[in-house]
Amino acid sequence: MPPSDPSLPMFYQQPRALLTTVHADCGIEPVTDYSFAASANSVPIGAEEFYEAQAHYPIVFTTAEPATAVVVLGLEQDRNLFVLDDHSWRPGSYIPAYVRRYPFVFVTNDNDFVLGVDEAAASFSRTGGQPLFENGEPSAMTKRAIDFCSAFQVQDRIVREFTAALQAHDLLIPHRADFQDAGGQGRRSLTGFTMIDEPRFTGLADEVFLDWRKRNWLGLVYAHLLSMRRWRSLAPLLDPTRMEVGGAA
């Protein structure tokens, strides 16, 4: 279910800063139900995730400002092909960090960023689960969540800097993925994203290329380009009789 407030991050409906006065007896149940992500056809991805995610999903760039990188999870607007009917994540598929951090997220509290939790999450419990606090202090699980969300923010910032550089050098071009059924009847396209134009990338000035090597951005470029092969693996998940026939700018 999407948040009632469009300004909230995807998945989150009632994020609230963790406070001992409010959450002393609360906890988090193990997350095995991914129905909160069932309508997400893409989620943001951190820089370090490019290398593992490229083996499972196309990695593309958004057209919104500021642009960022996302993994494509579905070929329809409101369907995630990796959340199955039993609400589990498709076995053997990498689960993006954006999904794994839920129901935790950093929120603003008295002008500071602090760890928060989505009180609307199915995994959030008022009386059970792994405790959020122990003896008035953040529990080990809460400390791990703080570290995880901090690392995610760092990786997200790297991606945004990388994507800004791609835009500055005019390397991102509009792209679409086209699909049709096996009998050639009917056709659909997924649009609204960009990808790196490989000829433009290879034409970068040597000093830019060397700078990107120092910033560890070259691996992100190659992982993205390799991930374009994953379009063909998405189509059969949508419909075993449907096959991907190509993409076009």
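Residues numbered from 1 in each chain as written. Predicted model: local features only at pLDDT ≥ 70, side-chain atom pairs only at ≥ 80, totals over all residues. Heavy atoms only, no water.

### Topic: the overall build of the protein chain
In step 1: When helices and strands are counted, the protein chain shows 8 helices and 14 strands.
In step 2: By the compact-globule yardstick of 18 Å for 249 residues, the protein chain fits well, its C-alpha radius of gyration being 20 Å.
In step 3: Each of the three principal axes of the protein chain carries a C-alpha extent, and together these read 60 × 50 × 30 Å.
In step 4: For the protein chain, with 249 residues in total, the buried portion stands at 46%. (Helix = DSSP H or I, 4+ residues; strand = E, 2+ residues; numbered from the N terminus. Rg over C-alpha atoms; globule rule 2.2 N^0.38 Å. Buried < 20%, exposed > 50% of the residue type's maximum accessible area, 1.4 Å probe, protein only.)

### Details of the pattern of salt bridges
In step 1: In total, this model carries 9 salt bridges according to the counting rule given.
In step 2: Notably, a salt bridge pairs arginine 160 with aspartate 156, separated by 3.0 Å at the nearest N-O pair. On the criterion of helical spacing, the pair formed by arginine 160 and aspartate 156 is a turn pair, its members being 4 residues apart in helix α4 (residues 140-168).
In step 3: Of the residues examined, aspartate 156 reaches a relative accessible area of 16% and is grouped as buried.
In step 4: Linking aspartate 170 and arginine 200 is a salt bridge whose minimum nitrogen-to-oxygen distance equals 3.5 Å. Residue aspartate 170 is located in the loop between α4 and β12 (172-181), and its partner arginine 200 is located in helix α5 (residues 198-202); the two are separated by 30 residues in the primary sequence.
In step 5: Relative accessible area serves as the criterion here: at 49%, aspartate 170 is assigned to the partly exposed category. (Salt bridge = Lys/Arg side-chain N within 4 Å of Asp/Glu carboxyl O.)

### What about the environment of serine 125?
In step 1: You can see serine 125 is positioned in strand β8 (residues 124-125).
In step 2: Relative accessible area serves as the criterion here: at 13%, serine 125 is assigned to the buried category.
In step 3: Leaving out residues up to four positions away in the same chain, serine 125 has contacts with Cys26, Gly27 and Glu29.
In step 4: Among the polar contacts listed, one links the side chain of serine 125 to the backbone nitrogen of threonine 127, at a separation of 3.2 Å. (Contact = heavy atoms within 4.5 Å. Polar contact = N/O pair within 3.5 Å; in protein donor to acceptor, adjacent residues only side chain to side chain.)

### Let's talk about the sheet that holds strand β9 (residues 130-131)
In step 1: Pairing in this open sheet of 3 strands is antiparallel, and the strands run β8-β2-β9 from one edge to the other. Whereas interior strands pair on both sides, the edge strands pair on one side only; in this sheet they are β8 and β9.
In step 2: As judged from the 2 bridges shared by strand β2 (residues 27-28) and β8, these two strands associate in the antiparallel manner. Along β8, the bridge assignment pairs glycine 27 with serine 125. (Pairing = 2+ DSSP bridges.)

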